[in-house]
Amino acid sequence: MPNTVSPTSEDPPRRSLTGNWPVARRLRAVLLIPVIVALVLGGIRVKHSVDTWQAADDAVRVAELVQAANKYASDAINERDVSVIPLLKGERNAAAVVQARSTTDEDARAFDRAVDRMPQNAGLLRRVGLVRAGEKQLPTVRANAFTSRLTGVQTEESYHLVQHPLMEISNELGFGSNNQASFGRTLYAISLTQAAESLIRSIGTHLLAEDRGTLAPGELDSQLASFRSYAYLEKVALQEYAGAGTADDMARLRKALTAAATRGAQQRADAAAKARAAGRSYVTPPDLDKMTSEIAAGRTTAQLAAEGITPESFFAASTLGFDAYRSIEVHLTDTALAGARDIADDARRDAIVNALLVLAAVLVAFLLAAWVARTMSRRMRRLSASAIEIAGQRLPALITRLSRATPVQVDSRVAPIPITSTDEIGEVARAFDHVHREAVRLAAEQALLRGNINTIFTNLSRRNQSLIERQLALITDLEDHETDPDQLENLFRLDHLATRVRRNGENLLVLGGEKPAHQWDRPLPLIDVIRAASSEVEQYERITFSGVPEAEIHGRAVTDLVHLLAELLENATSFSSPHSEVRVTAVQLPDGRIMLEIHDQGIGLPAEDFATINRKLANPPTVDADISQHMGLFVVGRLAGRHGIRVQLRPAREQSGTTSLVMLPDTITYRTAAEQPDTETLALALAAVKEASSSRHSIAAASIAAQGAPPAGFDGLHGYESWNDRPSDPPPPGRDEDARKPRAKGARSRRRARRGRGQESGPDVSRSAPPWGTVE
């Protein structure tokens, strides 16, 4: 006995951790590890940079808003100050007033543009809302300034409604500084100082320029009290600025005030020199602080003028202080804006650099992983592509050709996958080739089996047709020699049953893919085609026609069209009340197509059945066991497909019933050149359509006819009732098995029934045409 070695528990087989992993998972693992590391580390940096960039960009827009707000506020209170003297003199349209108000309005528009760009956070929206509330009062303040409706101090303090909310927006500024709250406080403090200086200038000029004798009792005291309070407020605001600002901020303020004092001294010297040159006396005014204290003490205008304190000298001196504070405010806002822009630029640059670094890292990771996996993935991709091509294109295309043609006429050879290696991938390729060959072999066998079934159908049908024709001839001979009405009626019924058997034989020919042995050799009027189809129906007397155009059908399509319409009419009469009519209407479209509609008032179908039925009508399935249950549906679909006819079923407009729509293409309709519609004909058709739209049928088809030639891709069935479709329910109880299928009756039965009932016989369609679907 040969020695054998078997694994023991002490020596278990060693397995790789990834030994059972598919190749795709291994490739993903190789790619995933460096990608995750690069994306996590780089994503954190990129997100931080993007967040910083977004915050800095928001800060830039806030700084622009603060800048516009401060300029708006400064020009608004400056408007008030320069308007004091002209308005007190009654010069309401003075150039200085108009210019100042125009500047303020322009600032308001610039502020609105900044508001549109600002970040939409709660703090800014609340502050802008306060500004909007103050702006609504500004036109009233301008109209009533320095009048009996708005006294001096009231006028001067009313501008606070606009200026103060604008000034408070400065508290939102400060991104990028070490202490945001401190930066905002500093800017707010200098804005408050400027506002206090403006009120001092406005009220002081008012006190110096107005005739105090015309003031109401107590009004002077109110003005002096306000003047003193705002002088005190200026000192408080300066102390607040000193507490919030840095050493550089204080140095800058001192420098600005020193420069203002120097300019004031120079202005006084220039004024004194001009006065001496003009030979006038000139009293040199004191500095601004002295002027302020003298005015606050309640000195009369004469006493103040004796000291050189006039409206002009006080306004000029106060303006120097106002401009000094304004320069500090502008510097702070410009500095904040420049700093925010620098930070935004740096953040944007960092975000771009970090994103590029992350992308570069990911690219390097992919390249490295691709280099590692290239040798094993190249052939796998080729195998996968070939397998997908075989499964998705080559094999379905071959099966389709086998199902539509004789198997011996189709090349069923299999081209192998172009992988010649002998490793595991090559073995998989050979195995797939084997599967491919087996699938093709089975498809060929199925196609051969279907061909044999079709041959059986054809042979059975042709044998039965000959017997049925002999039977019908015998019945006809018996009818011609029978005089007893009761026996003649029985012969008519027997004739009709034989015709139904013949129809089933014709259906077998359609299932077998055969075409009628006899074709109509000339065009036949459409009305005769419909009559021939209705004569095939047992309950033909219930069928009515209306609106059928004088069109003709090409002979090659007459036989199949009669068969198709007979199946539809049989269904309409079989599944509707025997006391109701089945209406057939038709309309010819300008492009030559004809729309037929078959309306019944039967039991109808559930809405979800229609989709299944219409799909089978458009694409008849392969012959199988289910065809026996829906033979009429399959036959209609096959016959329609031969000639490009569109058939659909729709719910009727009435409460119940079904409408069958049959669109006949212009390839089977026959019109002479004289029958082609011209422009005037189409215009008349449009008028006819308006009348047809109010009738009880052909509404959708009439609307199509009115439009002239339909657009490209229009199937003529658009616009009819919408529906939801599902497989049809079984027929109602009480019907036999044959009632579930479309039924057909012979033209002879209708002719003989009319003759037996004493009616006048019309054209005998069965005599003027070869038997429908007969094969000798």
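Residues numbered from 1 in each chain as written. Predicted model: local features only at pLDDT ≥ 70, side-chain atom pairs only at ≥ 80, totals over all residues. Heavy atoms only, no water.

Engineer: Before we go on, may I ask you to explain the overall build of the chain in this structure?
Structural biologist: Along its length, the chain carries 23 helices and 8 strands. Expressed as a percentage of the 776 residues in the chain, the buried residues total 43%. Contacts spanning at least 24 positions in sequence make up 76% of the contacts within the chain whose residues lie at least 6 apart. Roughly 40700 Å² of accessible area belongs to the chain as shown, and the carbon and sulfur atoms make up 56% of that amount. (Helix = DSSP H or I, 4+ residues; strand = E, 2+ residues; numbered from the N terminus. Buried < 20%, exposed > 50% of the residue type's maximum accessible area, 1.4 Å probe, protein only. Contact = heavy atoms within 4.5 Å. Areas by Shrake-Rupley, 256 points an atom, 1.4 Å probe, with all protein chains shown as cover.)

Engineer: Where do I start with the side chain of Arg-650 in this structure?
Structural biologist: The residue Arg-650 is located in strand β6 (residues 646–651) in this model. Looking at Arg-650, its side chain comes within polar contact range of the side chain of Gln-648, at 2.5 Å. (Polar contact = N/O pair within 3.5 Å; in protein donor to acceptor, adjacent residues only side chain to side chain.)

Engineer: I tried to follow a positive patch on the surface on my own but got confused; where do I start?
Structural biologist: Positive charge collects at one region of the surface, where Arg-374, Arg-378, Arg-381 and Arg-382 lie side by side. Relative to the helices and strands, Arg-382 resides in helix α13 (residues 311–404). For Arg-382, a relative accessible area of 39% corresponds to the partly exposed category. (Patch = residues over 30% accessible without salt bridge, like charges linked within 9 Å, V, L, I, M, F, W, Y side chains within 5 Å. Salt bridge = Lys/Arg side-chain N within 4 Å of Asp/Glu carboxyl O. Lys, Arg positive; Asp, Glu negative; His and termini not counted. Charge placed at Lys NZ, Arg CZ, Asp CG, Glu CD.)

Engineer: Help me out: how do you make sense of the packing of aromatic side chains in this one?
Structural biologist: Each aromatic ring pair is described using two quantities: the centre-to-centre distance and the angle formed by the ring planes. Per the counting criterion, the structure on display carries 2 aromatic pairs. Relative to Phe-111, the ring of Tyr-72 has its centre 5.9 Å away and its plane inclined at 45°; by these criteria the two rings are tilted. Residue Tyr-72 is located in helix α1 (residues 23–82), and its partner Phe-111 is located in helix α3 (residues 95–117); the two are separated by 39 residues in the primary sequence. There is no split in this pair, since Tyr-72 and Phe-111 are both buried. Sitting over the face of the ring of Phe-322, Arg-201 holds its NZ or CZ atom 4.4 Å from the ring centroid. (Phe/Tyr/Trp six-rings, centres within 6.5 Å; stacked < 30°, edge-to-face > 60°. Lys NZ or Arg CZ within 6 Å of the ring centre and 35° of its normal.)

Engineer: Even after reading the chapter, I still don't get helix α9 (residues 219–244), so can you show me in this structure?
Structural biologist: With 26 residues, α9 ought to run about 38 Å at 1.5 Å a step, and its terminal C-alpha atoms sit 37 Å apart, in line with that. Looking only at α9, the buried set comprises Glu-219, Gln-223, Leu-224, Ser-226, Phe-227, Tyr-230, Ala-231, Glu-234, Ala-237, Tyr-241 and Ala-244. (Expected span 1.5 Å × (residues − 1).)

Engineer: Would you mind showing me how to read the pattern of salt bridges here?
Structural biologist: It is possible for side chains bearing opposite charge to pair when their charged atoms get close. Taken as a whole, this structure holds 29 salt bridges when the rule is applied. Here the residues in one salt-bridge network are Glu-79, Arg-101, Asp-105 and Arg-142, joined through shared partners.

Engineer: Explain the packing of helix α4 (residues 122–135) against helix α7 (residues 160–168) to me, please; I cannot follow it from the model alone.
Structural biologist: Relative orientation and spacing of two packed helices are given, respectively, by the angle between their axes and the distance between those axes. Closest axis-to-axis distance for the α4/α7 pair is 8 Å, and the angle between their directions is 165°. The orientation of α4 relative to α7 falls into the category roughly antiparallel. The element α4 and its partner α7 pack so that their crossing is left-handed. Of α7, the residues touching α4 (which contributes Arg-127, Leu-130, Val-131, Gly-134 and Glu-135) are Leu-161, Val-162, Pro-165, Leu-166 and Glu-168. (Axes fitted to C-alpha atoms, helices over the stretch in contact; angles between N-to-C directions. Parallel < 35°, antiparallel > 145°, perpendicular 65-115°, else oblique. Left-handed = near helix turned anticlockwise from the far one by under 90°.)

Engineer: Is there a simple way to think about the confidence of the model for the chain in this case?
Structural biologist: Low-pLDDT portions of the prediction should not be read for the details of their coordinates. Per-residue confidence for the chain averages 75 on the pLDDT scale, and 78% of its residues sit at or above 70. Below pLDDT 50 for its whole length, residues 1–9 participates in 0 contacts with residues either more than four positions away or in separate chains. Of the regions scoring below 50 in pLDDT, residues 718–776 engages in 166 contacts with residues more than four places distant in sequence or in other chains. (pLDDT = per-residue confidence, 0-100.)

Engineer: How do you make sense of the sheet that holds strand β8 (residues 669–670) when you look at a structure like this?
Structural biologist: Adjacent strands of a sheet form backbone hydrogen bonds with each other and so pair up, either parallel or antiparallel. One open sheet accounts for 3 strands, arranged β1-β3-β8; its pairing is antiparallel. Unpaired on one side and paired on the other, β1 (524–525) and β8 mark the two borders of the sheet. (Pairing = 2+ DSSP bridges.)

Engineer: Sorry if this is basic, but what is going on with the sheet that holds strand β2 (residues 543–546) here?
Structural biologist: Ordered in space as β2-β4-β5-β7-β6, the 5 strands form an open sheet in which the pairing is mixed. Sheet topology places β2 and β6 at the edges, where each strand pairs with a single neighbour. Within the sheet, the average angular offset between the axes of one strand and its neighbour, ignoring direction, is 20°. Sheet analysis places β2 next to strand β4 (residues 582–588), joined by 4 bridges and oriented parallel. Bridging across to β4, Ser-546 finds its partner in Thr-585.

Engineer: Would you mind showing me how to read the environment of Val-558 here?
Structural biologist: Position of Val-558 relative to the elements: it lies in helix α17 (residues 555–574). Val-558 sits in the buried class, given a relative accessible area of 0%. Between the C-alpha atoms of Val-558 and Val-529, which are 29 residues apart in sequence, the distance is 6.9 Å.

Engineer: What should I look at first to understand the nonpolar core in this one?
Structural biologist: One broad trend across soluble globular proteins is that nonpolar side chains are buried collectively. Judged by nonpolar contacts, the single largest core of 46 residues is most densely connected at Leu-564, Leu-565, Val-647, Val-662 and Leu-664. For this core, the leading source of residues is α17, giving 10 residues. Core analysis: the second largest hydrophobic core is formed by 34 residues, Ala-69, Leu-124, Val-131 and Tyr-325 among them. (Core = buried A, V, L, I, M, F, W, Y, C linked by side-chain atoms within 4.5 Å.)

Engineer: How should the packing of α3 against α4 be read in this particular structure?
Structural biologist: Relative to each other, α3 and α4 sit at 155°, their axes nearing to 12 Å. Classified by the interaxial angle, the pair formed by α3 and α4 is roughly antiparallel. For the crossing formed where α3 meets α4, the hand is left-handed. Between α3, through Ala-108, Phe-111, Asp-112 and Val-115, and α4, the contact on the second element is made entirely by Val-128, Val-131, Arg-132 and Glu-135. Looking at the contact of α3 with α4 residue by residue, the class counts come to 5 nonpolar, no polar and 3 charged. (Nonpolar A, V, L, I, M, F, W, Y, C, P; charged D, E, K, R; others polar.)

Engineer: Please clarify how α3 should be interpreted in this entry.
Structural biologist: In an α-helix, one turn spans 3.6 residues; hence positions three or four apart end up facing the same way. Over its 23 residues, α3 extends 34 Å from the first C-alpha to the last, a length consistent with the 33 Å expected when each residue adds 1.5 Å. Inspection of α3 places Val-97, Ala-100, Arg-101, Thr-104, Asp-107, Ala-108, Phe-111, Ala-114 and Val-115 among the buried residues, and these make up the whole buried set.

Engineer: Sorry, what's going on with the environment of Gly-602 here?
Structural biologist: Tracing the sequence through the fold places Gly-602 in the loop between β5 (594–599) and α18 (609–618). Along the backbone, Gly-602 and Ala-652 are 50 residues apart, and their C-alpha atoms lie at a distance of 9.6 Å. Apart from the residues within four sequence positions on either side, Gly-602 is in contact with Phe-575, Ser-576, Ser-656 and Gly-657.

Engineer: Could you clarify how one ought to interpret the side chain of Ser-83 in this entry?
Structural biologist: In this structure, Ser-83 sits in the loop between α1 and α2 (84–88). A polar contact is formed between the side chain of Ser-83 and the backbone oxygen of Glu-79, at a distance of 2.6 Å.

Engineer: Is there a simple way to explain a nonpolar patch on the surface in this structure?
Structural biologist: Taken together, Leu-32, Ile-33, Ile-36, Val-37, Val-40, Leu-41 and Ile-44 make up a surface patch of nonpolar side chains, about 680 Å² in accessible area. Residue placement: Leu-41 occurs in helix α1.

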